[in-house]
Amino acid sequence: MAGRYKSDLNWSDVTPKDVWLNRRKLMAGAGAVALGSIAGPAAASLNARKTAYGEALEPNTWDEITSYNNFYEFGTDKGDPARYAGELTTDPWTIEIGGLVDRPGSYGLEDILKDVTLEERIYRLRCVERWAMVVPWVGFELADLLDRVGVQPSAKYVAFETALRPEEMRGVRFPVIEWPYKEGLRLDEAMHPLTILATGLYDEPMPNQNGAPIRVVVPWKYGYKSIKSIVKITLVEEQPPTAWNEYSAHEYGFYSNVNPERDHPRWSQKYERRVGGGLFARQTPTAKFNGYGEEVAHLYAGMDLIVNH
Ligand SMILES: Nc1nc2c(c(=O)[nH]1)N[C@H]1C(S)=C(S)[C@@H](COP(=O)(O)O)O[C@H]1N2
Ligand SMILES: [Mo]
């Protein structure tokens, strides 16, 4: 076929051109060897706008961020996502946006991305299992997308779902949780400027093991709230069911704000350990709201955060 129709375009075709040119050059040339080396890829390519978010933090290395992961769709070992998430097809990609919105529909990722400015957000990430990292995400505020589709006044929560593809996701052949992976946020949490949809890290397109092509990042909550590879966003009136809460409600609450005062039933949450600090890395105290209390504590004024853990 000679001409290219709009429907032939995938999101990677309409991402700022230099991104993909740089990326292709990098892959084609000697740079391919550099990918995944010490500090990250040799050339920046998403050209994300720099911000003051997290500029004082020291990010973990590319290797650490992309080789130690939780993404149970590809297996429960920390190395499984790096080994197997490459089997996921991430282009084309569409997100079904529905429920209590003015403009529901199936949105191609290319349509979503052409109207946003990607920026860098260097955030702490704290897993409920007690390991922590600092990740230089690239993304945009979830509020930008929600505003575009028009949230109706009756909406109180946002529900998210990950893709479910047994052919490409070997981990979903096992009933670890009830697939697809589901998460949710209260609307004010979803609209908070710290909450982003991330499409990259270290100024590179998102590696599959980190949730390509697009994932949620909510830095003041335990990592499992930051749902990967999302295909569905639904605005709802009632608190939606979430994967880990359904699995074990007393261990994994709907809110899951990082909180050293509320221990996991099977372990203390008072301390955490930074990934990459070496085998004998010192444990450091866990910060309430993962250190983002100044920005988000007001969202929970008057709430009992032990009951609403
Ligand atoms: N779909 C999906 N999203 C997910 C997970 C998962 O297993 N499946 N794991 C969560 C957990 S427990 C954590 S700690 C973070 C890890 O993100 P990272 O691998 O990019 O560091 O992703 C979260 N998002
Ligand atoms: Mo986690």
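Residues numbered from 1 in each chain as written. Chains lettered and ligands numbered in written order. Predicted model: local features only at pLDDT ≥ 70, side-chain atom pairs only at ≥ 80, totals over all residues. Heavy atoms only, no water.

1. Quick word on unusual backbone geometry
Our working definition: Helix numbers and strand numbers start at the N terminus; a helix is a DSSP run of H or I with at least 4 residues, a strand a run of E with at least 2. Accessibility here uses a 1.4 Å probe with only protein chains present; expressed as a share of the type maximum, an area under 20% marks a residue as buried, one over 50% as exposed, and anything in between as partly exposed.
A cis amide bond links Trp 179 to the next residue, Pro 180, at an omega of -5°. Considering the arrangement of structural elements, one finds Pro 180 in the loop between β5 (157-162) and β6 (182-186). That bond from Ala 212 to Pro 213 is cis: its omega, -5°, falls within 30 degrees of zero. Structurally, Pro 213 can be placed in the loop between β8 (204-205) and β9 (215-217). Look at Tyr 202: it is not a glycine, yet its phi comes out positive at around 50°. Structurally, Tyr 202 is set in the loop between β7 (196-201) and β8. Its relative accessible area of 23% is what places Tyr 202 among the partly exposed residues.

2. Observations regarding the nonpolar core
What counts is decided by this rule: What is meant by a nonpolar core is a set of buried Ala, Val, Leu, Ile, Met, Phe, Trp, Tyr and Cys residues, joined one to another through side-chain atoms within 4.5 Å. The contact rule is simple, with two residues in contact once any of their heavy atoms fall within 4.5 Å.
Counting residues in hydrophobic clusters, the biggest one holds 79 residues, and the most contacted among them are Trp 137, Phe 140, Phe 160, Trp 220, Ile 230 and Ile 233. Considering each element in turn, this core owes the most residues, six residues, to strand β4 (residues 131-141). Discounting residues that sit within four places of it in the chain, Trp 220 has contacts with Glu 189, His 192, Leu 194, Thr 195, Asn 257, Val 258, Phe 289, Asn 290, Tyr 292, Val 296, Leu 299 and Tyr 300.

3. Considering helix α7 (residues 142-149)
So the rule is basically this: Note that the arc is computed from the directions linking the helix axis to the C-beta atoms.
Buried within α7 we find Leu 142, Ala 143, Leu 145, Leu 146 and Val 149. All buried residues of α7 lie within an arc of 160° about the axis, which places them on one face of the element.

4. Brief notes about the sheet that holds β6
Here is the rule: Any two strands between which DSSP finds at least two bridges are classified as paired. Between N-to-C directions, angles cover 0 to 180 degrees, with each direction set by a line fitted to C-alpha atoms, over the stretch in contact for helices.
Spatial strand order, β2-β1-β10-β5-β6: five strands in an open sheet with mixed pairing. In this open sheet, the two strands that pair with only one neighbour each are β2 (105-108) and β6. This sheet shows a mean twist of 20° between the axes of neighbouring strands, independent of strand direction. The sheet contact formed by β5 and β6 spans five bridges and is antiparallel. Within β6, the position partnered with Phe 160 by the bridge is Glu 183. Relative to the sheet, α7 contacts β1 (94-99), β2, β5 and β10 (230-236), its axis offset from that of β10 by approximately 65°.

5. Section: the side chain of Arg 121
Put simply, the rule is: What qualifies as a polar contact is a pair of N or O atoms within 3.5 Å, subject to a donor-acceptor requirement within protein and to the restriction that residues adjacent in sequence count only when both atoms come from side chains.
For Arg 121, the location among the structural elements is in strand β3 (residues 119-126). Residue classification places Arg 121 among the buried residues on the basis of a relative accessible area of 1%. Within the local environment of Arg 121, its side chain forms a polar contact with the side chain of Tyr 123, the two groups lying 2.8 Å apart. There is a polar contact of 2.7 Å between the side chain of Arg 121 and the side chain of Glu 141. If near-sequence neighbours (up to four positions away) are discounted, Arg 121 is found in contact with Thr 51, Tyr 53, Val 135, Pro 136, Trp 137, Glu 141, Pro 193, Leu 194 and Ile 196.

6. Some remarks on the site of ligand 1
The test is simple: Consider each residue's heavy atoms; a residue with any of them within 4 Å of a molecule or strand counts as near. Only the protein chains shown count as cover for residues, and the accessible areas themselves come from Shrake-Rupley with a 1.4 Å probe. Three residue categories are used. Nonpolar comprises Ala, Val, Leu, Ile, Met, Phe, Trp, Tyr, Cys and Pro, charged comprises Asp, Glu, Lys and Arg, and polar comprises the others, including Gly.
Taken together, 18 residues lie near ligand 1, and Asn 69, Tyr 72, Glu 73, Arg 215 and Lys 228 sit nearest. Between ligand 1 and Lys 228 there is a distance of 2.7 Å, counted from an oxygen atom to a side-chain nitrogen or oxygen. When ligand 1 is considered free in solution it has 540 Å² of accessible area, and contact with the protein chains removes 98% of it. The residue inventory of the shell around ligand 1, partitioned by class, reads nine nonpolar, six polar and three charged.

7. Topic: the packing of aromatic side chains
Selection criterion: Within 6.5 Å between ring centres, the rings of Phe, Tyr and Trp (the latter by its six-membered ring) count as paired, and their orientation is classed by plane angle as stacked under 30 degrees, edge-to-face over 60, tilted in between. Whether a charge sits over a ring comes down to the Lys NZ or Arg CZ being within 6 Å of the ring centre and within 35 degrees of the ring normal.
Applying the stated criterion across every chain yields a total of 13 aromatic pairs. When the centroid spacing of 6.1 Å and the interplanar angle of 90° are considered together, the rings of Tyr 255 and Tyr 300 count as edge-to-face. Of this pair, Tyr 255 sits in the loop between α9 (243-247) and β11 (271-274) while Tyr 300 sits in the segment after α10 (293-296), and the two are 45 residues apart along the sequence. The same class applies to Tyr 255 and to Tyr 300, which are both buried. A cation over a ring is seen here: Lys 78 above Tyr 68, with NZ or CZ 5.7 Å from the ring centre. A cation sits over an aromatic face here: Arg 170 above Tyr 84, 3.8 Å from the ring centre.

Bear in mind that shape data such as this cannot, by itself, settle questions of function.
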